[in-house]
Structure formats: C-alpha cells, structure tokens
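# Geometric and topological summary
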Amino acid sequence: MAVEMTSLEELDAGSRAALVDLVGRMASCKHLLGQRFAQWCTGAPTLEGSVAAASMAQEELGHSRVFSGVARGIQENEAGEQTGTDESLAPEILRAPFGGWLDYVAAARVADTAVTILLEAAVDCSFAPLRQRVRKALDEEEFHGIYARSWADALLGEGGPVERDLRARLDSWRASVEAWLAPCEADLAALGTLGIRPAKAREELRRRLAG
Amino acid sequence: MSGRSAPLPLFEVFARRQREEPVRHIGTVQAPDASMARVYAHSLYDEEDWIEMWIVRRTDIVTVTPLRKGA
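Being a predicted model, the structure only gives us computed values, none of them experimental.

Looking only at helices and strands, chain A has 6 helices and 0 strands in total. Written out in order from the N terminus, the α and β elements of chain A read α-α-α-α-α-α. The C-alpha extent of chain A, read off along each of the three principal axes, is 55 × 30 × 25 Å. Within chain A, the fraction of its 211 residues that count as buried is 53%. Intrachain contacts of chain A at a sequence separation of at least 6 include 79% that bridge at least 24 residues. Put simply, chain A shows about 8800 Å² of open surface, and 51% of that area lies on carbon and sulfur atoms.

Before going further, it helps to examine the nonpolar core. Across soluble globular proteins, nonpolar side chains have a tendency to be buried as a group. In this structure, L130 and Y147 of chain A are the most contacted members of the largest nonpolar core, which totals 81 residues. A per-element tally of this core places helix 3 (residues 101–121) of chain A first, with 15 residues.

Another point: the pairing of strand 1 (residues 10–16) of chain B. Residue and element names in this part refer to chain B. Of all 7 residues making up strand 1, 6 are buried, and the element is well covered by its neighbours. Two elements, strand 1 and strand 2 (residues 24–30), share 6 bridges in a ladder whose sense is antiparallel. Each residue of the ladder has a partner; that of F14, found in strand 2, is H25. Bridge analysis of strand 1 against strand 3 (residues 52–57) gives 6 bridges, and the strand direction is antiparallel. Bridging across to strand 3, V13 finds its partner in I55.

So, about the interface of chain B and chain A. Chain B puts 15 residues into the contact, and the matching count from chain A is 18 residues. Around 1500 Å² of area is buried between chain B and chain A when both sides are counted, 65% of it from carbon and sulfur atoms. Along the contact surface separating chain B from chain A lie 1 salt bridge. Looking at the side of chain B that touches chain A, the elements that each hand over two or more residues are strand 2 and helix 1 (34–44) of chain B.

Attention shifts here to the pattern of salt bridges. This model, assessed by the stated rule, comprises 22 salt bridges over all chains. With its nearest N and O atoms 2.8 Å apart, the salt bridge here joins E185 of chain A to R202 of chain A. Linking E185 of chain A in helix 5 (residues 160–190) with R202 of chain A in helix 6 (residues 201–210), this pair joins segments that are 17 residues apart in sequence. The exposure class of R202 of chain A is partly exposed, given its relative accessible area of 29%. The residue R16 of chain B makes a salt bridge to E52 of chain B at a minimum N-O spacing of 2.7 Å. Taken as a pair, R16 of chain B in strand 1 and E52 of chain B in strand 3 lie far apart in primary sequence, 36 residues in all. Take R16 of chain B: its relative accessible area is 18%, and that puts it in the buried class. Among the residues examined, E52 of chain B registers a relative accessible area of 27% and is labelled partly exposed. Taken together, the shared-partner salt bridges in this structure form one network comprising E120, E204, R207 and R208 of chain A.

Next up on the list: the packing of helix 1 (residues 13–40) of chain A against helix 5 of chain A. Residues and elements named next belong to chain A. In the contact formed by helix 1 and helix 5, the axes pass within 9 Å of each other and the chain directions differ by 145°. Here helix 1 and helix 5 pass one another in a crossing that is left-handed. On helix 5, the residues that touch S15, A18, D21, L22, R25, M26 and C29 of helix 1 are W180, P183, C184, D187, L188 and A190. Its residues assigned to classes, the contact of helix 1 with helix 5 shows 9 nonpolar, 1 polar and 3 charged.

Among the structural elements, T46 of chain A can be located in the loop between helix 1 and helix 2 (47–79). Within the structure, the side chain of T46 of chain A is placed 3.0 Å from the backbone nitrogen of G49 of chain A, a separation counted as a polar contact. Those residues within four positions of T46 of chain A in sequence are excluded, and the remaining contacts are W151 of chain A together with Y40 of chain B.

Okay, the packing of helix 5 of chain A against helix 6 of chain A next. Residue and element names in this part refer to chain A. Between helix 5 and helix 6, whose axes approach to 8 Å, the crossing angle comes to 145°. Counting all contacts with helix 5, which are made through R174, V177, E178, L181, A182 and E185, the residues of helix 6 involved are A201, R202, L205, R206 and L209. When grouped by side-chain class, the residues that make up the contact of helix 5 with helix 6 number 6 nonpolar, no polar and 5 charged.

Here is what the cut-offs are and how they apply
Residues numbered from 1 in each chain as written. Chains lettered and ligands numbered in written order. Predicted model: local features only at pLDDT ≥ 70, side-chain atom pairs only at ≥ 80, totals over all residues. Heavy atoms only, no water. Helix = DSSP H or I, 4+ residues; strand = E, 2+ residues; numbered from the N terminus. Buried < 20%, exposed > 50% of the residue type's maximum accessible area, 1.4 Å probe, protein only. Contact = heavy atoms within 4.5 Å. Areas by Shrake-Rupley, 256 points an atom, 1.4 Å probe, with all protein chains shown as cover. Core = buried A, V, L, I, M, F, W, Y, C linked by side-chain atoms within 4.5 Å. Pairing = 2+ DSSP bridges. Buried area = accessible area lost by both parts, 1.4 Å probe. Salt bridge = Lys/Arg side-chain N within 4 Å of Asp/Glu carboxyl O. Axes fitted to C-alpha atoms, helices over the stretch in contact; angles between N-to-C directions. Left-handed = near helix turned anticlockwise from the far one by under 90°. Nonpolar A, V, L, I, M, F, W, Y, C, P; charged D, E, K, R; others polar. Polar contact = N/O pair within 3.5 Å; in protein donor to acceptor, adjacent residues only side chain to side chain.

Right under this line is the structure:
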C-alpha cells in the first residue's frame, strides 16, 4: 500500500480533483438509489423481499451520507464551500422515478453493481477517510448483490412478457450506467498514487451482468 | 411472484448475542435458496446486535423425537 494519508493537503491538485469527482459520483448515485429503493420497497412480491428492499434503501442512504461527508470534507478544506448531493453526478437513468418493481430490480442489478466495482477498486486506498468507509459499505453490498441477482434471475426465468420487459430495462440501465462509468474510470486512472486500482469498470460490469 | 405455483422453501434462523449464550431459534424465512435466505435473515432479524447467525433449510433438519400424539 502507498503511504497512508489522512488529509487532503497531502494530495496533489490532480489527485484531489479526481478523488472529489469519484466520491461525489458514488455519493450521488447512492443517494438516488436509496430514494428510489425507499419509494418502491413495498412493491416487492414477497414480505421478505420488501423488508430486505427497505433495508437496502436505508443502507444506500447511509452510504451516500458517509461518502458525501468525505467529499464535503475535501471541498470544505479546499475552498470553504459546502457540497450537497449533486444529482447530475448520478447516472442519467437514475434521475427519473422508477416505473415499477422491474426498475427496482434493474437498478439494483446494474447501478448498484457498478458502484460496488468502484468501491472494490478503492478498498486498499491510502486515503484513510475513504478506505475505512469503503470496507463497511462493501460488507453490506454483498447482500445487495445477492438480492439483485436472485430477483433478476427469478424474473428472467418467468419467461414471456416479464422476461422481455426486464431484459429491455436491463439493457437501458446498462447503457446509461456505462456512460456514467466512463468519467469514473478516468478518476480511477488518476488515483493510482493513492493505491486505487485502475479498473476497467465498464468491462467488469458487463462481465458481472453476463455471468 | 406471478406464475409461481410451488411454495418457497422454509429456512429456520438461529442466532446468539454473546458467546456465553447458546445459539437459539429466532424465526423463519421463506426464500428460493440459501443465499437469499441469508439476505432475508440478515435484514429481517436485525433487532439485536447478533454475534453469530445461522440458517438451516427446514427439510435438512433431522428429527430425533417426533412430536408425540396427545402432547
């Protein structure tokens, strides 16, 4: 691991800018995921599914607050400016309300997986405020990933119009999230000195969605 | 879920709060498989800060003494 850092003064300007952008994008995505999950958690077809969906909503909102805090800390030290959650930093498709339960499943399967890939790239980063939060978030994301995959597989296995509808939504979500990942990949590439792995995030997302 | 006719398997949930306690039965979840049963147990039974939690598929439980008639 690179030398441990706890304050942004230890980072060069380029690394600071990339870190703020990456963390801001993850926080924004999680904020909207949490809101949408909360709006649709009662839409799950089973009681256990609804309770787990509500739990996921709570966890995503918690992650968003935590990562926003990291970004705000950086921004406040930079220029004394507050940064709130900027929805323009989230995938475009996530800025619109869900149309139904199938959008919940598609969002969890695609967008949540994408953020998990970014978190994994930062799991050993030398910027301590980020690393500490990433590890806890990944523990909870393990359950999110199982949930999303199980529901997606079950619904695709229904066949007929349900399968067709979900496949179309998964394709739409993948296209939008891949576009969102492009600047995130650039941020990861610029943060190698912090021990953040340069991930081919879009390629990895496609691999996980196909597997 | 639309079209599903067979009921989902039942999983019994066991947990404990401290090492000094025995692991005890705390509830049941219904899920398509063990992976999802883990997810559901984790989110449904979060009222305590459990130090350990297990799930066991009900059909994997081996009866030692069957329920006696009249008991």
